[in-house]
Amino acid sequence: MALAAAAVAASRPSPAGLPRPLCRASAHPCRRPRFRLEASLSASTPAPAPATADDGAAAGPCPVVRFDMADFTVADRVSVGLHGRSDEMIFEATVRDPSSELYGSTVVLRQLTSSQAKRRGRRALEVLKKLARRQMMYHSYAMQVHGYVTPSKAMEEGDSPLVLVHGYHGSYSLRHWLQLSDWLPTLEATLALDEEQVRRVGDDSVGGPAVTRQLRLIRILMRDLLIGVNYLHSHGMAHTELRLENVHVSPVDKHVKVGILGNAVDFHDNDPSNSAVASNNERRKMMIAFDMRCVGFIMAKMVLRELMDSSTFQKFKSFLNKGNDPSCLREFLVPILSQNSPSGNIGLQMLDRHWGAGWNLLALLLATKSDKRISCVDALRHPFLCGPKWRISPTVNVVRWGLGSTAVRLAEDYIYGHHQRRRLAYFIELMEVLNPNSSTENWLRLLPGRWCLLYCTGRHIGLTLRQPTPRVLISDAFLTFAEAPESVDPILSLTSDIGFKIMPESDWPHDKSGTEGNLSVTTSARITPGRIYTNAEDGKESSSRITSSRYLGGKWGKAAKMKELPASLPTASVNVDEDDVDVSMSCGSTLNVKSARNVLQEVRTQTPPEMFDLSKIVCGTYIDSRLMVLRGVNGSALLFVRSNRTSDP
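Treat the numbers as computed from the prediction; the structure is a model and nothing was measured. (Residues numbered from 1 in each chain as written. Predicted model: local features only at pLDDT ≥ 70, side-chain atom pairs only at ≥ 80, totals over all residues. Heavy atoms only, no water.)

### Observations regarding the overall build of the protein chain
- For the protein chain, the count of helices and strands is 18 helices and 19 strands.
- Counting over 649 residues, the protein chain shows a buried share of 51%.
- Sequence-distant contacts in the protein chain: of pairs separated by 6 or more residues, those separated by 24 or more amount to 70%.
- Roughly 30600 Å² of accessible area belongs to the protein chain as shown, and the carbon and sulfur atoms make up 51% of that amount. (Helix = DSSP H or I, 4+ residues; strand = E, 2+ residues; numbered from the N terminus. Buried < 20%, exposed > 50% of the residue type's maximum accessible area, 1.4 Å probe, protein only. Contact = heavy atoms within 4.5 Å. Areas by Shrake-Rupley, 256 points an atom, 1.4 Å probe, with all protein chains shown as cover.)

Here it is, written out as structure tokens:
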């Protein structure tokens, strides 16, 4: 019979088959000595032996002890186990045995009924034994298990439910906290964010605007979570069940607690027939990568609270499960989260801060390949989790990411000023200097896919102050690279798709619902190695020095650790077959020859010439999993961002 809440003393049922009530009316509770865990927890599975005392400063005996139900006063509150498990029941109780070290404290009784639930409970006790040598760290960042309740003599041990006694950290998991309407001030009050807490995240601002305020709280929660997970990994274990429902915030010591380690696994293979070191290392990397992916999901939900909605989170997971690169998450999520966002896009602003450092950390936590995921130690040193007081030297990869993120955010503005265009061109040139994939093989690997034109240094895309006769609005311009069928040489099929809309002549400033059309140009291209020479051919030293000081000065040059630009930059030359070009235009309404010619002319006027005449594309100067820069014959740079619309659910 399962444990039930103690509503009234007369109607209280018996606990777990015990013949006596949960709380006796006697004023003298039973006093008996504490026993260390030595006997079996069930008839079939032996319990772990008691841990020995540690020689260090945090030494102490293993805290797993036996309890009796008479030691507790059970409260009249009951709930289903974490994550909606029906084979777990949770009770709040108060220890009323004066001989116990926990006398007067609140604990949680977790009754596990099924065989699988009891296996998790026994596993949690085994983990506690292994981590007992550093109890202070374990108690600070994990939910403490004090012991278990002995089964009743009237019931067979194999049939009785296993009741764990563990620490009480409030009734809410982190998911419940985030679902509160006033979650931010409530969590701040629970964590008591004083100057010491501010120092822990390196932030010199207390309170402040909404974005800074939430970012400070996210840093505290993420750093505590990573420290706890790293503690497990450094002791040869993985949690494997990291989710918001299994994370708690303790108002006592102001730490984030990971849930009971009922499904924790060892890195090392316990199979005696397989003792290979390589197998153990592979298992270790796999389990650590799995935990880091779970931490990435927790971070995504904490920052982007729209993902707390199950349907939105399903789109998020579907994007990753289809093999899309997590570095493209921003371009995928911005259109989704911008529609009636309840948080006012605060999460997007947090991730965009510090040159998009948040998106970089999220991409590293959710990397498709497990060996590319960031570790806990490196994540704690990431610029997104380090405040302005901590001088963290970013890696070259983070510098590249920051350059690309800054260029994208600049291009998202409707740029008219010359200083803005000059600044964006400067960022693009810096990206070209730090191109991470300079070899042709890398270009052939990363090029296939659909790329959306974001900016062109030679021509402003879209409507201007002109007033042409056909009012045409450019929607999107895509460049698609695909492997040519039945080709032995590295030949790619190159397709330019320009979407446009013909708006009504009279009310076009207010009415943008016109006739949709599309202009498509298809040809084939061959990718070969090439170079761009940055210095003058005469090799004047003064010119080289001026160029180097222009591009490598300031914080970007210090981060890249380059004293002078190289004489040439490796590129990927794009050789387009001019004899095999197919141009077609379609429109939703019938146009006569003159009108179609005028529409085509207006589309060409608003579009960079390289998108209509693909032979004007000379080479590629920068590419990674999310951004690409192509150069035209006139020297203009076209900035593309990878489009995953074909993969959207």
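### Thoughts on the packing of aromatic side chains
- Summed over the entire model, instances satisfying the criterion amount to six aromatic pairs.
- Summarising the aromatic geometry, the rings of Phe 319 and Phe 332 are spaced 4.3 Å apart at their centres and angled 25 degrees between planes, so their arrangement reads as stacked. With a gap of 13 residues between them, Phe 319 in helix α8 (residues 310–321) and Phe 332 in helix α9 (residues 329–337) connect regions that are remote in the sequence.
- Among the aromatic side chains, those forming a connected cluster through ring pairs are Phe 297, Phe 313 and Phe 316.
- Directly above the ring of Phe 478 sits Arg 450, whose terminal nitrogen or CZ lies 3.8 Å from the centroid. (Phe/Tyr/Trp six-rings, centres within 6.5 Å; stacked < 30°, edge-to-face > 60°. Lys NZ or Arg CZ within 6 Å of the ring centre and 35° of its normal.)

### So, α9
- Turning to α9, its buried residues number three or more, namely Leu 329, Arg 330, Phe 332, Leu 333 and Leu 337. Across the axial projection of α9, the buried residues extend over an arc of 160 degrees, all falling on one side.
- Among the structural elements, α8, α10 (346–365) and α12 (396–412) are those in contact with the buried residues of α9. (Arc of directions from axis to C-beta.)

### Quick word on the side chain of Asn 437
- Along the chain, the position of Asn 437 falls in the loop between α13 (418–433) and α14 (440–446).
- Here Ile 623 takes part through its backbone oxygen, which lies 2.8 Å from a polar atom of the side chain of Asn 437.
- Once you skip the residues sitting within four places of it in the chain, Asn 437 turns out to touch Asn 442, Trp 443, Arg 445, Leu 446, Ile 623 and Asp 624. (Polar contact = N/O pair within 3.5 Å; in protein donor to acceptor, adjacent residues only side chain to side chain.)

### Points about the environment of Lys 317
- Locating Lys 317 in the fold gives a position in helix α8.
- With 20 residues separating them along the chain, Lys 317 and Phe 297 place their C-alpha atoms 9.1 Å apart.

### Focus: the packing of α10 against α12
- Across the interface, α10 lies against α12 with an axial gap of 8 Å and an inter-helix angle of 120 degrees. Looking at the two axes, α10 sits oblique to α12. Where α10 crosses over α12, the handedness of that crossing is right-handed. Packed against α10, whose contacting residues are Asp 352, Trp 355, Gly 356, Trp 359, Asn 360 and Ala 363, the element α12 presents Val 398, Trp 401, Gly 402, Ser 405, Thr 406 and Arg 409 at the interface.
- Taken together, the residues of the contact of α10 with α12 sort by class into five nonpolar, five polar and two charged. (Axes fitted to C-alpha atoms, helices over the stretch in contact; angles between N-to-C directions. Parallel < 35°, antiparallel > 145°, perpendicular 65-115°, else oblique. Left-handed = near helix turned anticlockwise from the far one by under 90°. Nonpolar A, V, L, I, M, F, W, Y, C, P; charged D, E, K, R; others polar.)

### Digging into a negative patch on the surface
- On the surface, Asp 577, Glu 578, Asp 579, Asp 580 and Asp 582 cluster together into a patch of negative charge.
- Relative to the assigned elements, Asp 580 resides in the loop between β15 (568–576) and β16 (582–587).
- The exposure class assigned to Asp 580 is partly exposed, which follows from its relative accessible area of 46%. (Patch = residues over 30% accessible without salt bridge, like charges linked within 9 Å, V, L, I, M, F, W, Y side chains within 5 Å. Salt bridge = Lys/Arg side-chain N within 4 Å of Asp/Glu carboxyl O. Lys, Arg positive; Asp, Glu negative; His and termini not counted. Charge placed at Lys NZ, Arg CZ, Asp CG, Glu CD.)

### Brief notes about the layout of surface pockets
- Reported here for the largest pocket is a volume of approximately 1400 Å³.
- As for the largest pocket, its lining consists of 42 residues, of which Asp 325, Ser 327, Leu 364, Lys 372 and Ser 625 are closest to the centre.
- Every element with two or more residues in the lining of the largest pocket is listed here: α10, α12, α14, β11 (449–456) and β19 (637–643).
- No other element matches the four residues that α12 contributes to the lining of the largest pocket. (1 Å grid on protein atoms, 1.4 Å probe; cavity = no way out; pocket = protein on both sides within 12 Å on 5 of 7 lines; lining within 4 Å. Points joined across faces, edges and corners; volume = space filled by probe spheres on them.)

### Notes on the pairing of strand β5 (residues 145–149)
- Taken across its five residues, β5 has five buried, putting it largely inside the fold.
- Alignment of strand β1 (residues 65–67) against β5, held across three bridges, turns out to be parallel. Across the sheet, Arg 66 pairs through a bridge with Tyr 148, a residue of β5.
- Note: β5 against strand β6 (residues 162–167), four bridges, orientation antiparallel. Residue Tyr 148 lies in a different strand from β6, and its bridge partner there is Leu 164. (Pairing = 2+ DSSP bridges.)

### Points about the pattern of salt bridges
- Inspection of the entire model under this criterion finds eight salt bridges.
- Note that Arg 330 is salt-bridged to Asp 352, the shortest N-O span being 3.0 Å. On the criterion of sequence distance, the pair formed by Arg 330 in helix α9 and Asp 352 in helix α10 is long-range, its members being 22 residues apart.
- The exposure class of Arg 330 is buried, given its relative accessible area of 12%.
- Judged by its relative accessible area of 10%, Asp 352 is buried.

### Things to note about the side chain of Ser 250
- For Ser 250, the position within the fold is in the loop between β8 (247–249) and β9 (256–258).
- Here Ser 250 is in contact with His 169, His 255 and Lys 257, once residues within four sequence places are set aside.

### Details of unusual backbone geometry
- A positive phi angle, close to 70 degrees, is found at Thr 240, a residue other than glycine.
- Along the chain, the position of Thr 240 falls in the loop between β7 (237–238) and β8.

### Here we look at the packing of α12 against α13
- One can describe the packing of α12 onto α13 by two numbers: an axis separation of 9 Å at closest approach and a directional angle of 150 degrees. On the basis of their axis angle, the class for α12 and α13 is roughly antiparallel. For the element pair α12 and α13, the recorded crossing hand is left-handed. Residues Leu 403, Gly 404, Thr 406, Ala 407, Leu 410 and Ala 411 of α12 form the contact with α13, whose own contacting residues are Arg 423, Leu 424, Phe 427, Leu 430 and Met 431.

### Some words on the confidence of the model for the protein chain
- Across the protein chain, the average pLDDT comes to 76, with 73% of residues at or above 70.
- Within the protein chain, no element has a lower average pLDDT than helix α15 (residues 541–551), which sits at 45, and none a higher one than strand β18 (residues 627–632), at 94.
- Taken as a whole, residues 1–61 scores under 50 in pLDDT and shows 126 contacts with residues more than four places along the chain or in a different chain.
- Ignoring residues within four places in sequence, the model shows residues 538–548, a span with pLDDT below 50, making seven contacts including any to other chains. (pLDDT = per-residue confidence, 0-100.)

### Concerning helix α4 (residues 183–191)
- Of all the positions in α4, only Trp 183, Leu 184, Leu 187, Glu 188, Thr 190 and Leu 191 are classed as buried. In an axial view of α4, the angular spread of the buried residues amounts to 160 degrees, which keeps them on one side of the axis.
- Where α4 ends, the next residue or the one after it, Ala 192, has phi of about 50 degrees, a positive value.

### A closer look at the environment of Ile 415
- Position of Ile 415 among the secondary structure elements: in the loop between α12 and α13.
- The sequence separation of Ile 415 and His 460 amounts to 45 residues, and the corresponding C-alpha distance is 8.1 Å.
- Leaving out residues up to four positions away in the same chain, Ile 415 has contacts with Leu 410, Gln 420, Arg 421, Leu 424, Tyr 455 and His 460.

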